[in-house]
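# Close look at the chain arrangement
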Amino acid sequence: MSELRLNGKTITVDASPDTPVLWVLRDHLGMTGTKFGCGKALCRACTVHLDGEATFSCLLPLSAATGHEITTIEGLSGRVAEAVQAAWDNIQVPQCGYCQSGQVMAAAALLTQNAKPSDADIDQAMQGNLCRCGTYQRIRLAIHYAAKQLEASA
Amino acid sequence: MITPFDSSRRTFLKVSALAGGGLILGLRLGRSEEAAAQPAAFEPNAWITVYPDGAVSLVCPRNEMGQDVYTSLIMLLAEELAVDPRQIKVEEAAVNPVYLNRLMGAQITGGSTSIRDAWDPLRQAGATARNMLVNAAAAQWSVPAAECRAENGQVIHGSNTLPYAALADAAARQPLPKDVALKQASEFSVIGKPLPRLDGAGKARGQAVFGIDVKQPGMVYAALAQCPVLGGKVASFDTGAAQKRAGVRKVVDIGEGVAVIADHYWEAHSALADIKIQWDEGPAAHLDTNAIYATLERSKDKPGTIIKQAGDATAALAKSKQIKARYTSQMLAHVALEPLNCLALVSANGVDVWASTQYPQGAQAAAAQAAGVEPEQVLIHAQLIGGGFGRRLDVDFIRQAVAIAKAVPGTPVKLIWTREDDVTHDFPRPPSLHLLHAALEGGRVAAFTHKMISPSVTARMFPSAVKDGNDYFMIEGVIDFTYDIPNLDMRTVIQEIGIPVGYWRSVSNALNAFAIESFVDELAHAAHRDPVEFRLAMLDKQPRQRAVLERAAKDAGFKARAHKGRAFGVASMQCYDTHIAMVAELSGKAKKVRLEKLTIAVDCGIAVHPDQVIAQLQGGVVTGLINALRSKVTIKGGRIQQSNFDTFPIPRMPQVPPIEIALIPSTEKPGGMGEAGVPLVAPAIANALFALTGKRIRALPLEDAGISFE
């Protein structure tokens, strides 16, 4: 049994310590909002927050996650998260939607650290997250939109 | 919930098959149980149910893979039914002949046909139901139906209103109206209007359930090792320590591979490494990319099938100086972001399949064959698709999941492919060779010939649809040739290459458009004409095509000659009953260029959901960049050499330029929009490269010619 800090709670998981957090979430805990895309940290569909930083969960073994605070799309909350998801609605970002959990997690981490990102900042922060449908233009727009809304409500 | 497979379901299928495309009561699978609980539901046809509690559910007959059918098809129903699409529940269609896609001849989502196929029947379904609800209300009020109108889920007469919920029971007893009038475009309140995607909010919150996310009680997982050589089979294997690993339930030989079934996916995946498999590699074992192209080359003198002819191209070419060119396109992987997966349950009652599929009818047939049951004993529960791009028209992963699940009857098994499985066992986009000849007279094209040589996807998947060597999907991009040229000869040659190939978003439109639109550009330069003016001169009979070409050129600020290190390239075509033109703007020097912008003008007739038409173009361009820039599948020893997003790169955010789109208003019937954004990206960029560098690139991907795109 391993202990895990997940979405603000401490839970125990019966999975072998080498199991990637992605599969602990999806199979052992039934939390399927975090997606499997490549298994090699090349597409970042599996993005979660590890101590507030956007990181991939497909290559993160359960043993390495112990002692850290993990947040998934299911547990994403707060002012920035709400602004990001409202922006996703407003700009109508998703197509197939499969990558969007990861995109939203990456965008929320970016805006938490950088309230007013430039296009270059967005490129830098989001280039790890693939979107096969090609919603990049709207993702960029939505991040700018969320930043503006956050600034206006600050 | 697993519902037992009962005989009444079988009856439904048979009854509806007899009834063809007509209106059928109680059609949907499982409806009989629900109907028993709620006897007064109004179910005038296979798409609409109005429940007495006020709930309205509409069936989406096509599979949602990002292209917006889940919203745009529902808009067609909601428009005529006079309900707010945001207030209704959307159901995925079961496999049933009533949901046949008439443009494809099967229950299939592809070919940019969903809106075009549904435009009349779904609006008629909505109007029929509305008519019956209005008649029921009129009868209740004892007023003429003509004095009543329906609006936002209720029938109105003067100051009287009745919600549909209150009319469900009475409407169900109304006779089916024969002829119903559809709304005029000026009366539309849903079609063409803004509406958030009905599946959008859930997708931004991790709540959308894709095939890979489906859960069933007692579900276990499977990982599968397949022969690295395409088409190879298991010769023998040694399970080693796999069966002793924690969580592992069973090791299963399904012929095309060896699967591990385990309690959790990671356990199944990890245990595969313990299994030593000897493969019978089969006939593809010595195949490589060069041999594939050599095979196409050897067929270049075959006469092929005539697709389009005018005048006498042979004679016209013989009279003048010929301009010749040879173009090639590469093989490509689909790499939908949701890896292929399928949850299957084989039990004494039949087979249940939960899968992201573009082809539920084919999935049903494949599952039936794998389980050794009749198709009507298979229930397909179609799920939201995490990207299709044509890959999910194939049902290999469904066949495999059922074959694996058959080894553990009564236990649902979810097979999940890795990304490596997905790339190395793809059905690649067909490679193609194009031979073109033309003659110019007085600055105009006097003769034009094109021969496309390529393997046929259709011959593999729908062999009876290929007649006299004519694959309907190979002629895309040629059959709707827009230019008025007096002597024309357009042919296709089917040449198989030793591995199976698959439909890839925009199919042959992308292959043929790269060759044809690049070659037309060559002709414009040979004639010393502006490439836009040159095209417009051949479009006198094509006002819609002219309009999009003029608009794209204007919006882009198109200039025929490079200026201050910037250059433009244009391409134009009709596809899927949609007219489109694209301009690429490049900057940079001979070896290193930057894609500055893509400008598009499109006339797709009535845009049912305009914002999502735009979205399809934005996304289509990114798929077009996969085709244009650097991605390719290559074969060595019968193996696909690429395996993940490192070796098969797709565009990342910084690599996608600004995309400007003009949607031309139209009252024509809707055209297809799911793929139209893809084909012109490569020729527009290749033509801009020529304008910038003077180098004509005639093979995809463009970076293979030693150019790099920033």
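Please read all numbers here as calculations on a predicted model, not as lab measurements.

### Observations concerning the overall build of chain A
Looking only at helices and strands, chain A features six helices and five strands. Order of helices (α) and strands (β) in chain A, N terminus to C terminus: β-β-α-β-β-α-β-α-α-α-α. A compact globule built from 154 residues would reach a C-alpha radius of gyration of about 15 Å, and chain A, at 15 Å, matches this within 12%. If one aligns the C-alpha atoms of chain A with their principal axes, the spans along those axes are about 45 × 35 × 25 Å. When burial is assessed residue by residue, chain A has 59% of its 154 residues classed as buried. Across chain A, the fraction of contacts at a sequence separation of at least 24, relative to all contacts at a separation of at least 6, is 65%.

### Points about the interface of chain B and chain A
Contacts between chain B and chain A engage 48 residues on the former and 45 residues on the latter. Counting residues per element, the ones that place at least two in the side of chain B that touches chain A are α6 (200-203), α7 (265-271) and α17 (610-628) of chain B. For the side of chain B that touches chain A, the leading source of residues is α17 of chain B, giving seven residues. Each residue belonging to the side of chain B that touches chain A can be placed in one class, and the counts come to 25 nonpolar, twelve polar and eleven charged.

### Observations regarding helix α4 (residues 114-141) of chain B
Residues and elements named next belong to chain B. The end-to-end C-alpha separation of α4 is 39 Å, in line with the 40 Å expected for 28 residues at 1.5 Å each. The largest bend along α4 measures about 40° and falls at aspartate 120, with the proline proline 121 one to four residues further on. Just downstream of α4 lies serine 142, where phi reads positive at about 55°.

### Considering the domain arrangement of chain B
Residue and element names in this part refer to chain B. We note that the domain assignment places domain 1 (7-203), domain 2 (211-281 + 340-416) and domain 3 (289-331 + 428-709) within chain B. For domain 2 and domain 3, the distance between their C-alpha centroids amounts to 38 Å. Across the contact, ten residues belong to domain 2 and eight residues belong to domain 3. For the side of domain 2 that touches domain 3, the class distribution of residues is five nonpolar, two polar and three charged.

### Structural notes on the domain arrangement of chain A
Residues and elements named next belong to chain A. In terms of domain boundaries, chain A breaks down into domain 1 (2-71) and domain 2 (79-153). Using C-alpha coordinates to define each centre, domain 1 is positioned 21 Å away from domain 2. Listed as interface residues are 13 residues of domain 1 and, on the opposing side, eleven residues of domain 2. Looking at the side of domain 1 that touches domain 2, the elements that each hand over two or more residues are β3 (47-50) and β4 (53-56). Tallying contributions element by element places β3 first for the side of domain 1 that touches domain 2, with three residues.

Each value, and the rule that gives it
Residues numbered from 1 in each chain as written. Chains lettered and ligands numbered in written order. Predicted model: local features only at pLDDT ≥ 70, side-chain atom pairs only at ≥ 80, totals over all residues. Helix = DSSP H or I, 4+ residues; strand = E, 2+ residues; numbered from the N terminus. Rg over C-alpha atoms; globule rule 2.2 N^0.38 Å. Buried ≥ 20, exposed ≤ 12 C-beta atoms within 10 Å, placed from the backbone. Contact = placed C-beta atoms within 7 Å. Nonpolar A, V, L, I, M, F, W, Y, C, P; charged D, E, K, R; others polar. Expected span 1.5 Å × (residues − 1). Bend = angle between axes of the 7 residues up to and from the residue. Domains from an automatic or database assignment.

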